[in-house]
Amino acid sequence: DVADGDSIMFIDRLIPDVALAGSDAALDIYLYVKNYPGQDFTIKGPYTFTSATNKIDTRLRGRRFKILLATPTAMPNSSWTLGAFELGVQEDGKR
């Protein structure tokens, strides 16, 4: 939650610090966003992260965000280790 829910936030990029085991390993990232407590989350993704991915560009606006990390169904043997996430976040006004 941002500023007691008065402000809308904008996320324009995601820079995951992820170590993938193997050259063909991958990680799916889902971003959940919503504006109000009684509202369902809108799901964006999956954004697939591989060893060739440096950042993921997004255009999300909302008051509440969640991140879900999952091993892709097509690659059940993918292995990964999570470090710190960096998000490009800025205030996007009040609504």
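Structure: see above.
Since we're looking at a predicted model, the values are computed, not measured.

1. Points about the overall build of the chain
Along the chain, the regular secondary structure elements total 0 helices and 6 strands. Along the chain direction, N to C, the helices and strands of the chain fall in the order β-β-β-β-β-β. For the C-alpha atoms alone, the extent of the chain along its principal axes is close to 45 × 25 × 20 Å. The burial tally for the chain puts 29% of its 95 residues in the buried class. Pairs at least 24 residues apart make up 74% of the contacts formed inside the chain by residues separated by at least 6 positions. Accessible surface for the chain amounts to roughly 5,900 Å². Of this, 46% is attributable to carbon and sulfur atoms. Within the chain, the 12 negative side-chain charges are centred at a point lying 7 Å from the centre of the 11 positive side-chain charges.

2. Side note on the nonpolar core
In this structure, Ile11, Leu14, Val18, Leu20, Ala25, Leu27, Ile29, Leu31, Val33, Phe49, Ile56 and Leu60 together form the largest nonpolar core, which totals 12 residues. Mapped onto this core, the elements with two or more residues apiece are β1 (7-21), β2 (27-34) and β4 (56-62).

3. Re unusual backbone geometry
Most peptide bonds take the trans configuration, and most residues that are not glycine carry a negative phi. Geometrically, the link from glycine 45 to proline 46 is a cis peptide bond, its omega value of 10° lying close to zero. Here proline 46 shows up in strand β3 (residues 42-49).

4. Quick look at the pattern of salt bridges
Pairing is possible between side chains that carry opposite charge, provided their charged atoms lie close to one another. The final tally for this structure, using the stated rule, is 3 salt bridges. Ionic pairing is found between aspartate 12 and arginine 13, a salt bridge with its closest N-O pair at 3.1 Å. Looking at arginine 13, the relative accessible area reads 35%, which means it is partly exposed. Across the salt bridge formed by aspartate 57 and lysine 55, the nearest N and O atoms sit 2.7 Å from each other. A relative accessible area of 52% means that aspartate 57 is categorised as exposed. What makes lysine 55 partly exposed here is its relative accessible area of 44%.

5. Remarks on the packing of aromatic side chains
Evaluation of the coordinates by the stated rule reveals 1 aromatic pair. Residues tyrosine 32 and phenylalanine 41 carry aromatic rings whose centres are separated by 6.1 Å and whose planes lie at 80° to one another, so their mutual orientation is edge-to-face. Over the ring of tyrosine 32 we find lysine 66; its NZ or CZ atom is 5.3 Å from the centre of that ring. Its end group placed over the ring of phenylalanine 41, lysine 66 keeps NZ or CZ at 4.5 Å from the ring centre.

6. A look at the environment of alanine 26
Structurally, alanine 26 can be placed in the loop between β1 and β2. Overall, the relative accessible area of 2% leaves alanine 26 in the buried class. With sequence-adjacent residues up to four places away left out, alanine 26 is seen in contact with Leu20, Thr48, Phe49, Thr50, Pro72, Met75, Ser78 and Trp80.

So, how was this worked out
Residue indices follow the written sequence of each chain, beginning from 1 at its first position. Restriction of local features to residues with pLDDT of at least 70 applies here, the model being predicted, together with a cutoff of 80 or more for giving and counting side-chain atom pairs; totals for whole chains, interfaces and linings are based on all residues. In computing side-chain properties, one takes all heavy atoms of the structure into account and sets aside hydrogens as well as water. Every helix listed is a DSSP run of H or I at least four residues long, and every strand listed is a run of E at least two residues long, numbered separately from the N terminus. Only protein chains enter the calculation, and the probe is 1.4 Å; a residue is then buried if its accessible area is under 20% of its type maximum, exposed if over 50%, and partly exposed in between. We call two residues contacting when some pair of their heavy atoms lies within 4.5 Å. Surface exposure here means Shrake-Rupley accessible area, sampled with a 1.4 Å probe, where a residue is shielded only by the protein chains that are shown. Counting rule applied: Lys, Arg positive; Asp, Glu negative; His and chain ends not counted. Charge placement uses NZ in Lys and CZ in Arg. For Asp and Glu, CG and CD serve respectively. To qualify as a nonpolar core, a set must consist of buried Ala, Val, Leu, Ile, Met, Phe, Trp, Tyr and Cys residues joined through side-chain atoms within 4.5 Å. By definition here, a salt bridge exists when the distance from a side-chain nitrogen of Lys or Arg to a carboxyl oxygen of Asp or Glu is within 4 Å. A pair of Phe, Tyr and Trp rings is counted when the ring centres sit within 6.5 Å of each other, with Trp represented by its six-membered ring. The angle between the planes then sorts it: under 30 degrees is stacked, over 60 is edge-to-face, the rest tilted. Charge over a ring is defined by NZ of Lys or CZ of Arg lying within 6 Å of the ring centre and within 35 degrees of the ring normal.

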